[in-house]
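Structure at a glance
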Amino acid sequence: MDLSVIRLTHCNRSIFSVCVPEACPSCGATLRGNRLSEAPVSVPTPFTNAHKGGCCLLIQGDFDGTSDLHTGISNTTGAVYNYTPAGLSVSLSGWERCVSVPLVRPDMFPLLSHFHEDDHNCFSFCLGFINSVLGAEGRGPLSKHDFTQSYILPRVRRASKYNTLITHLSKERYYMVEREGEDM
Ligand SMILES: [Zn+2]
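Examining the overall build of the chain
On a plain count of helices and strands, the chain comes out with two helices and nine strands. Its helices and strands taken in sequence order, the chain reads β-β-β-β-β-β-β-β-α-α-β from the N to the C terminus. Whereas a compact globule of 184 residues would reach a radius of gyration of roughly 16 Å, the chain reaches 20 Å, over 25% beyond that. The principal-axis extents of the C-alpha atoms in the chain amount to approximately 60 × 30 × 30 Å. Here the chain holds 184 residues, and 40% of them are scored as buried.

Here it is as structure tokens:
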């Protein structure tokens with residue numbers, strides 16, 4: 001279970017913590033929360049439990065930039081179809097903390113169990129399935145590059161940033177950054 005993180009703004013900084021401090025850790029001013037802009041907000045986790053939802057593209061890994069990412073697709077009941085070196089696997093557990101991208105067209109998902117990919121690679125399996133859904137809608141296929149750029153990378157970056165934040169907050173009380181461009 002992840003820590004629940006809050007963010008507040010003071011001294012033109014974003015201050016992340018797991019509890020609301022009495023005073024600004026940067027300038028020491030008492031925080032009374034009387035200005036709405038200084039009120040703490042909770043930072044949503046980018047991770048979801050894939051088995052509790054369905055019809056999503058899923059991305060799993062350490063998100064530390066060094067280990068491989070594993071991808072899968074969940075059916076309407078939260079079973080995750082993914083390719084492993086042993087072949088197609090249907091996982092009912094193990095995807096409790098992953099990044100999910102909702103995919104529309106739940107009517108296509110019964111086809112998952114019949115869907116095969118010659119490449120035997122988790123990534124091309126997912127891309128192939130998404131392209132078959134797009135094809136059924138009369139739309140052209142996504143290239144591997146576009147798929148990576150639009151579906152995978154933005155979420156992986158956010159998950160990676162969030163993990164860094166969580167790791168920091170497990171050791172330190174606060175994580176402070178200048179306001180600019182640091183919204184999570
Ligand atoms: Zn301050």
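What follows continues from the structure just given.
Here we look at helix α2 (residues 144-169)
Residues spaced three or four apart along an α-helix point in a common direction, a consequence of the helix completing one turn every 3.6 residues. The first and last C-alpha atoms of α2 sit 36 Å apart over 26 residues, in line with the 38 Å expected at 1.5 Å per residue. Bending of α2 peaks at approximately 40° at the position of Ile 152, with proline Pro 154 no more than four residues after it. Of all the positions in α2, only Phe 147, Thr 148, Ile 152, Val 156, Ala 159, Tyr 162, Asn 163, Leu 165, Ile 166 and Leu 169 are classed as buried.

Details of the sheet that holds strand β9 (residues 175-178)
Spatially, the four strands line up as an open sheet ordered β3-β1-β2-β9, and their pairing is antiparallel. Of all strands in the sheet, those bounded by a partner on one side alone are β3 (41-43) and β9. Shown here is a sheet whose adjacent strand axes are inclined to one another by a mean of 30°, direction ignored. Relative to β3, strand β1 (residues 5-10) is paired through three bridges, and the arrangement is antiparallel.

Observations regarding the coordination of the zinc ion
With distances of 1.9 to 2.4 Å, the protein atoms coordinating the zinc ion are His 10 (ND1), Cys 11 (SG), Cys 24 (SG) and Cys 27 (SG). Taken together, the four donor atoms coordinating the zinc ion and their angles of 103 to 118° define a geometry best described as tetrahedral. All donors to the zinc ion come from one chain, and their sequence spacing reads H-C-x12-C-x2-C. Placement of the pair is Cys 11 in the loop between β1 and β2 (13-17) and Cys 24 in the loop between β2 and β3, with a sequence separation of 13 residues.

Overview of the environment of Ile 15
Inspection of the secondary structure assignment puts Ile 15 in strand β2. Overall, Ile 15 belongs to the buried group, its relative accessible area being 0%. On a C-alpha basis, the gap between Ile 15 and Ser 124 in space is 40 Å, while along the polypeptide they are 109 residues apart.

Thoughts on the packing of aromatic side chains
For the structure shown, the criterion picks out nine aromatic pairs. Judged by centre distance (6.1 Å) and plane angle (45°), the rings of Phe 16 and Tyr 175 are tilted. With Phe 16 in strand β2 and Tyr 175 in strand β9, this pair connects stretches of sequence that are 159 residues apart. Take Phe 16: its relative accessible area is 1%, and that puts it in the buried class. One aromatic cluster in this structure is built from Tyr 83, Phe 109, Phe 115, Phe 125 and Phe 129.

Some words on the nonpolar core
If you look at the biggest cluster of nonpolar residues, it comprises 37 residues, and the most contacted ones within it are Val 5, Leu 57, Ile 73, Phe 109 and Phe 147. Of all the secondary-structure elements, those providing two or more residues to this core are β4 (56-60), β6 (80-84), β8 (99-102), α1 (122-136) and α2. Take this core: its biggest share by element is nine residues, from α1. When residues no more than four places from it in sequence are discounted, the contact partners of Leu 57 are Gly 72, Ile 73, Val 99, Ser 100, Val 101, Leu 103, Cys 126, Ile 130, Phe 147, Tyr 151 and Ile 152.

Here's the deal with the pairing of β2
With four of its five residues buried, β2 lies for the most part within the structure. Summarising the sheet, β1 and β2 pair through five bridges and their orientation is antiparallel. Considered in β2, the bridge of Thr 9 is made with Ser 14. Connecting β1 to the antiparallel partner β2 that follows it, the hairpin turn spans two residues, and Cys 11 within it adopts a positive phi of roughly 55°. Two strands pair when backbone bridges link them, and β2 and β9 are joined in this way by four bridges, in the antiparallel orientation. Residue pairing across strands places Ile 15 opposite Met 176, the latter belonging to β9.

Reading the values: rules and limits
- Residues numbered from 1 in each chain as written.
- Predicted model: local features only at pLDDT ≥ 70, side-chain atom pairs only at ≥ 80, totals over all residues.
- Heavy atoms only, no water.
- Helix = DSSP H or I, 4+ residues; strand = E, 2+ residues; numbered from the N terminus.
- Rg over C-alpha atoms; globule rule 2.2 N^0.38 Å.
- Buried < 20%, exposed > 50% of the residue type's maximum accessible area, 1.4 Å probe, protein only.
- Expected span 1.5 Å × (residues − 1).
- Bend = angle between axes of the 7 residues up to and from the residue.
- Pairing = 2+ DSSP bridges.
- Axes fitted to C-alpha atoms, helices over the stretch in contact; angles between N-to-C directions.
- Donors = N, O, S within 2.8 Å, 3.2 Å for Na, K, Ca; no water.
- Tetrahedral: all angles 85-135°; square planar, octahedral: opposite > 155°, others 65-115°.
- Phe/Tyr/Trp six-rings, centres within 6.5 Å; stacked < 30°, edge-to-face > 60°.
- Core = buried A, V, L, I, M, F, W, Y, C linked by side-chain atoms within 4.5 Å.
- Contact = heavy atoms within 4.5 Å.

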